[in-house]
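Below, each chain spelled out in residue letters.
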Number of protein chains: 2
Amino acid sequence: MKTILVTLPVEERHKKILEAAGEDCRFHYCAMQEATKELIAEADVILGCVPAGNIQASERLGLLQLYSAGADPYIAPGVLHENTVLCNATGCYGKAVGEHAFAMVLTLQKNLHRYRDAQRRHCWTDFGQVCSLADCTVLIVGLGDIGLHFARLCKAMGAHTVGVKRRPGPCPEGVDELVLSAELDSVLPQADVVASFLPGTGDTRALYTAERFAAMKKTAVFVNCGRGSAVESRVLCDALKSGQIAAAGIDVCEIEPLPEESPLWELENLLLTPHISGNFHLQDVLEKNVRLAAENLAAFLAGKELKNVVDFETGYKK
Amino acid sequence: MKTILVTLPVEERHKKILEAAGEDCRFHYCAMQEATKELIAEADVILGCVPAGNIQASERLGLLQLYSAGADPYIAPGVLHENTVLCNATGCYGKAVGEHAFAMVLTLQKNLHRYRDAQRRHCWTDFGQVCSLADCTVLIVGLGDIGLHFARLCKAMGAHTVGVKRRPGPCPEGVDELVLSAELDSVLPQADVVASFLPGTGDTRALYTAERFAAMKKTAVFVNCGRGSAVESRVLCDALKSGQIAAAGIDVCEIEPLPEESPLWELENLLLTPHISGNFHLQDVLEKNVRLAAENLAAFLAGKELKNVVDFETGYKK
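No experiment lies behind these values; they were computed from the predicted model shown. (Residues numbered from 1 in each chain as written. Chains lettered and ligands numbered in written order. Predicted model: local features only at pLDDT ≥ 70, side-chain atom pairs only at ≥ 80, totals over all residues. Heavy atoms only, no water.)

Considerations on the overall build of chain A
Okay, so step 1: Helix and strand content of chain A: ten helices and twelve strands.
Okay, so step 2: In terms of overall size, chain A behaves like a compact globule, its C-alpha atoms giving a radius of gyration of 21 Å where 318 residues would be expected to give roughly 20 Å.
Okay, so step 3: With the C-alpha coordinates aligned to their principal axes, the bounding extent of chain A is approximately 65 × 45 × 35 Å.
Okay, so step 4: Across the 318 residues in chain A, those meeting the buried criterion constitute 57%. (Helix = DSSP H or I, 4+ residues; strand = E, 2+ residues; numbered from the N terminus. Rg over C-alpha atoms; globule rule 2.2 N^0.38 Å. Buried < 20%, exposed > 50% of the residue type's maximum accessible area, 1.4 Å probe, protein only.)

And the structure:
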């Protein structure tokens, strides 16, 4: 009898869905932080994230189905046994993170973060010119499920959307123009909004260099709802302080939580959220994760092909 | 020779457009605050807003073409001579104010105002559940140009839109359901978002009573980008403090600027902007106002029908 460890924050109705997908299996439910080395060692399948250090390359573990899109902690050498299949949750976060990034862009473009500060000071102050996303060129770097959802929202509001992708392919719905990652530098100067949804891999580390911020419009808004490793805090801070870009909204930082001494906290033109856009705060995220976990559990038990298998080379799904 | 007083904040290229519409006229340009009784007394046409008290029912004034959608100060008895035609700027603010209200809704739904406060306190804190506008029923009270623009933005994001209108008519694009003002109370309990774009008239004064806030969902977000007179500050404050509604975003207040002693400043679940959504902060607003002023000036001089003539009974355009 297979043992299934579930760390998804499920409700009773979700348990029924998972248990129907894994008939004859033993299910153990616990919170992510409660997934000890002992519990993990007994698991044939894990549905959810667990502390990477507790996996200890367990040979018994056949499938680790994450509830995160990013798989960075699990692809490090020695974390998983070579026979363990790692699947991520690509496809579950498009709506939640895409909408969060979209809301950040509008907040910044309409100066609502500054009006909030003024309200706190009891100040009835006018911050002047705003712009309309409808008149903007929006660059979307990382065209997975999240980037695509964000692109569709921007386009629905009237923006011109330019998607940046690693590999050539057809131009997806919601994207007006498609360029390859290698062409990033040529399109940065045209963008009014640069939105980044890149996973944390070797290729994306510190991608947004000082030179790249300098190449952006002074009026540009930069948003990062991918991984914090794509931008060094120091570089972002300089770009915002020097006025190389107008404003930024970030849900992720180089080091999380953001260290107390970081100058980012105090920047007026930075809007910061504490890596919450992709949590289970939107009900939709949990529903999609449960559906994916049930599908992949059933497929795994039946020896069929799995969805969202992670490529250890790239950190993306294959 | 007719004298045209212009208080629109025009650029040189706009002057050319206006002067082409009023050939053989004498143009005088000044800021709104600089429109003295003397200047107004010499004007046959005013293009722009002026201090209402300075008009003194001038008999010479044939046309007052406002750059505001609200005409409240000018329809009061004794302000205008009976021969003066008053036109408002309906149609010029849809994009600017609609987008501002839309940004406010998203900011509140995604807790960005609270994350901003937390950032200011250097706090990496999670505020939990959010919702998606795509899953919401949005009530739009006041279906002029602004309400319609807002409705279209909400619908493009996936919301179900219910429009509230004074008079029966066909259901406009962007609106899923149309109800009459008299039915407001029956639809309030269904709305996840209640957005108000009403002008300041006798009919709309204190429309949002304590009973109406009590009838709304506890999770509802209320937005007012119409006129502040539609909600008494005390009533709004109570509704927000008692949790009758979840949050509010207001660009307008009962008294403006909001008095220093108002408790509204300190409410965490209120987002306040200082009546700026309809200023000339979005370039689009000025372009549309200049076009309208030029058209109405030409029509007035030619004795033709004018656009946006205000009905003194209702304060709306006829």
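From this point, the discussion proceeds with the structure in view.
Some thoughts on the packing of helix H3 (residues 94-109) of chain B against helix H5 (residues 145-156) of chain B
All names here are of chain B.
Okay, so step 1: Relative orientation of the contacting elements H3 and H5 amounts to 45°, with a least axis distance of 8 Å. Viewed along their axes, H3 and H5 adopt a mutual orientation that is oblique. For the pair H3 and H5, the crossing hand works out as right-handed. The segment H3 lies against H5, with Gly-94, Lys-95, Val-97, Gly-98, Glu-99, Ala-101, Phe-102 and Val-105 engaging Asp-145, Ile-146, His-149, Phe-150, Leu-153 and Cys-154. (Axes fitted to C-alpha atoms, helices over the stretch in contact; angles between N-to-C directions. Parallel < 35°, antiparallel > 145°, perpendicular 65-115°, else oblique. Left-handed = near helix turned anticlockwise from the far one by under 90°. Contact = heavy atoms within 4.5 Å.)

A short note on the interface of chain A and chain B
Okay, so step 1: Taken together, the contacts link 54 residues of chain A with 54 residues of chain B.
Okay, so step 2: In total, chain A and chain B occlude about 4,700 Å² of area from one another, counting both sides; carbon and sulfur atoms represent 59% of this.
Okay, so step 3: When residues of chain A are sorted by the area they lose upon contact with chain B, A:His122, A:Trp124 and A:Trp265 head the list and together hold 18% of the total.
Okay, so step 4: Inspection of the chain A/chain B interface yields eight salt bridges.
Okay, so step 5: As a salt-bridge pair, A:Lys95 and B:Asp135 come within 3.0 Å of each other at their nearest N and O atoms.
Okay, so step 6: The interface formed by chain A and chain B contains 33 residue pairs in polar contact (both at pLDDT 80 or more). (Buried area = accessible area lost by both parts, 1.4 Å probe. Salt bridge = Lys/Arg side-chain N within 4 Å of Asp/Glu carboxyl O. Polar contact = N/O pair within 3.5 Å; in protein donor to acceptor, adjacent residues only side chain to side chain.)

Digging into the packing of aromatic side chains
Okay, so step 1: Throughout the structure, instances matching the rule amount to 15 aromatic pairs over all chains.
Okay, so step 2: Relative to A:Tyr29, the ring of A:Phe27 lies with its centre 6.1 Å away and its plane at 15°, an arrangement referred to as stacked.
Okay, so step 3: A relative accessible area of 23% means that A:Tyr29 is categorised as partly exposed.
Okay, so step 4: Aromatic side chains B:Phe213 and B:Phe222 sit 5.1 Å apart centroid to centroid with 80° between the ring planes, which places their arrangement in the edge-to-face category. The two residues B:Phe213 and B:Phe222 agree in class, both being buried.
Okay, so step 5: Following the ring pairs from residue to residue traces out a cluster consisting of A:Tyr208, A:Phe213 and A:Phe222.
Okay, so step 6: The ring of A:Tyr29 is capped by A:Lys15, whose NZ or CZ atom sits 4.6 Å from the centre of that ring. (Phe/Tyr/Trp six-rings, centres within 6.5 Å; stacked < 30°, edge-to-face > 60°. Lys NZ or Arg CZ within 6 Å of the ring centre and 35° of its normal.)

Some thoughts on the sheet that holds strand S10 (residues 221-224) of chain A
Within a sheet, each strand pairs with its neighbour through backbone hydrogen bonds, oriented either parallel or antiparallel.
All names here are of chain A.
Okay, so step 1: Strand order in this open sheet of seven strands is S8-S7-S6-S9-S10-S11-S12, and the pairing throughout is parallel. This sheet does not close on itself; its edge strands, each paired only once, are strand S8 (177-180) and strand S12 (270-272). Direction aside, neighbouring strands of the sheet carry axes that sit 15° apart on average.
Okay, so step 2: In the sheet, strand S11 (residues 247-250) pairs with S12 via three bridges, with the strands oriented parallel. Bridge assignment links Ile-250 to a residue of S12, and that residue is Leu-272.
Okay, so step 3: Contacts from helix H4 (residues 94-109) reach strand S9 (193-196), S10, S11 and S12, with the element oriented near 155° to S11. (Pairing = 2+ DSSP bridges.)

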